[in-house]
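Survey of secondary and tertiary structure
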Amino acid sequence: MAGTRVGGRWGRGPAAAAWPDGPRRRRARRTRWRRWAAAGLAALAVLVTVGALRPAPAGGTGLPTLVMVRDVATGQRLGPDDVAVATRPGGQRPESALTRPDAAVGRVVAAPLAVHDVVTPERLLGPDLLSGQPADRVAISVPVLDAASVGARPGDHVDLYATGTGTRTATDVVVLAVRDAEESTGLGTGAPARVTLALDPSQATEVARGLSALAAGQSLVIAIRH
């Protein structure tokens, strides 16, 4: 087949003459390659983002770990859609990390939790102080003289006495929580030690009367029962 002379060169047919491999064609090819590369990178970025937001399956390598799947503010109660079980290597999770949704669902958040945060007992409020107590019990916090020195702990059964008069204001009541005394900061006197008690209505009335009769600076004395 005879060739065709185009622009001082010999081609092999009409197609070679119609589409010379000139600067414009090379620029067009480079532009197409750039667009394809940009589209591929964008798709890869989407896949990476989706993978990061999705908790790892519980059957993967590592330990089951309860993580947040949405942001939750302080004071909100966790629901089943707020958490999921992911798999985290032992070095990337606290030892106290929860492993099951039922250990967190229904509990109140003590500090803000964000997506991917590991859920631990320290970040949730404990159960109701009166949980397990008779239905008529109420919780009352009272100032006492140095509860720590007598070793008062939640679950202890104690008696309360008013300082000054020595009157017993409560008998055989359960301690729910103990807060040690706070030292003075120089701006005023420190807060006294306090205990939170589970009381029935009549005991609560007597304790309230005892508190109202205390003079300035007085408090109650706690006595632990066997």
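Just above, that's the structure.
Let us look at the structure shown here. (Residues numbered from 1 in each chain as written. Predicted model: local features only at pLDDT ≥ 70, side-chain atom pairs only at ≥ 80, totals over all residues. Heavy atoms only, no water.)

1. Some details on the overall build of the protein
- When its secondary structure is counted, the protein shows three helices and nine strands.
- The burial tally for the protein puts 26% of its 226 residues in the buried class.
- Total accessible area on the protein stands at roughly 14800 Å², and carbon and sulfur atoms take up 57% of it. (Helix = DSSP H or I, 4+ residues; strand = E, 2+ residues; numbered from the N terminus. Buried < 20%, exposed > 50% of the residue type's maximum accessible area, 1.4 Å probe, protein only. Areas by Shrake-Rupley, 256 points an atom, 1.4 Å probe, with all protein chains shown as cover.)

2. Considerations on a positive patch on the surface
- On the surface, a cluster of positive charge is contributed by Arg24, Arg26, Arg27, Arg30 and Arg34.
- Among the secondary structure elements, Arg27 is positioned in helix α2 (residues 23–53). (Patch = residues over 30% accessible without salt bridge, like charges linked within 9 Å, V, L, I, M, F, W, Y side chains within 5 Å. Salt bridge = Lys/Arg side-chain N within 4 Å of Asp/Glu carboxyl O. Lys, Arg positive; Asp, Glu negative; His and termini not counted. Charge placed at Lys NZ, Arg CZ, Asp CG, Glu CD.)

3. So, the nonpolar core
- If you look at the biggest cluster of nonpolar residues, it comprises 18 residues, and the most contacted ones within it are Val142, Val144, Leu160, Leu197, Leu220 and Ile222.
- Looking at this core, the elements that each hand over two or more residues are β5 (138–144), β6 (157–162), β7 (168–179), β8 (193–199), α3 (201–213) and β9 (220–224).
- The element that contributes the greatest number of residues to this core is β8, accounting for four residues.
- For Leu197, the contacting residues outside a window of four places in its chain are Val138, Ala139, Ile140, Val142, Val158, Leu160, Val173, Val174, Val175 and Leu176. (Core = buried A, V, L, I, M, F, W, Y, C linked by side-chain atoms within 4.5 Å. Contact = heavy atoms within 4.5 Å.)

4. Topic: unusual backbone geometry
- The residue His116 is not glycine, and still its phi comes out positive at about 80°.
- Structurally, the position occupied by His116 is in the loop between β4 (83–88) and β5.
- What makes His116 partly exposed here is its relative accessible area of 32%.

5. Considerations on the side chain of Thr120
- Inspection of the secondary structure assignment puts Thr120 in the loop between β4 and β5.
- Of the residues examined, Thr120 reaches a relative accessible area of 7% and is grouped as buried.
- Separated by 3.1 Å, the side chains of Thr120 and Glu122 make a polar contact.
- For Thr120, the contacting residues outside a window of four places in its chain are Pro94, Ser96, Ala97 and Leu98. (Polar contact = N/O pair within 3.5 Å; in protein donor to acceptor, adjacent residues only side chain to side chain.)

6. Structural notes on the side chain of Thr65
- Among the secondary structure elements, Thr65 is positioned in strand β3 (residues 63–68).
- Polar contacts involving the side chain of Thr65 include one to the main-chain carbonyl oxygen of Leu63, which spans 3.0 Å.
- Those residues in contact with Thr65 that lie beyond four places of it in its chain are Ala84, Val85, Ala86, Arg88, Arg93, Ala97, Leu98 and Val118.

7. Considering the pattern of salt bridges
- Scanning the entire structure with this criterion turns up eight salt bridges.
- For Asp102, the salt bridge identified is with Arg100, shortest N-O distance 3.0 Å.
- For Asp102, a relative accessible area of 56% translates into the label exposed.
- Arg100 gets classed as partly exposed once you look at its relative accessible area, which sits at 47%.
- Residues Arg225 and Asp172 are paired through a salt bridge, measuring 3.7 Å at the closest nitrogen-oxygen approach. With a gap of 53 residues between them, Arg225 in the segment after β9 and Asp172 in strand β7 connect regions that are remote in the sequence.

8. Quick look at α3
- Relative to the 18 Å expected for 13 residues at 1.5 Å per residue, α3 spans 19 Å between its end C-alpha atoms, a close match to the ideal helical length.
- Those residues of α3 lying buried are Gln203, Ala204, Val207 and Gly210. When α3 is viewed along its axis, its buried side chains cluster within an angular range of 125° and face the same direction. Opposite its buried face, α3 presents the exposed residues Arg209, Ser212 and Ala213, each directed more than 90 degrees away.
- Packing partners of the buried residues in α3 comprise β5, β6, β7 and β8. (Expected span 1.5 Å × (residues − 1). Arc of directions from axis to C-beta.)

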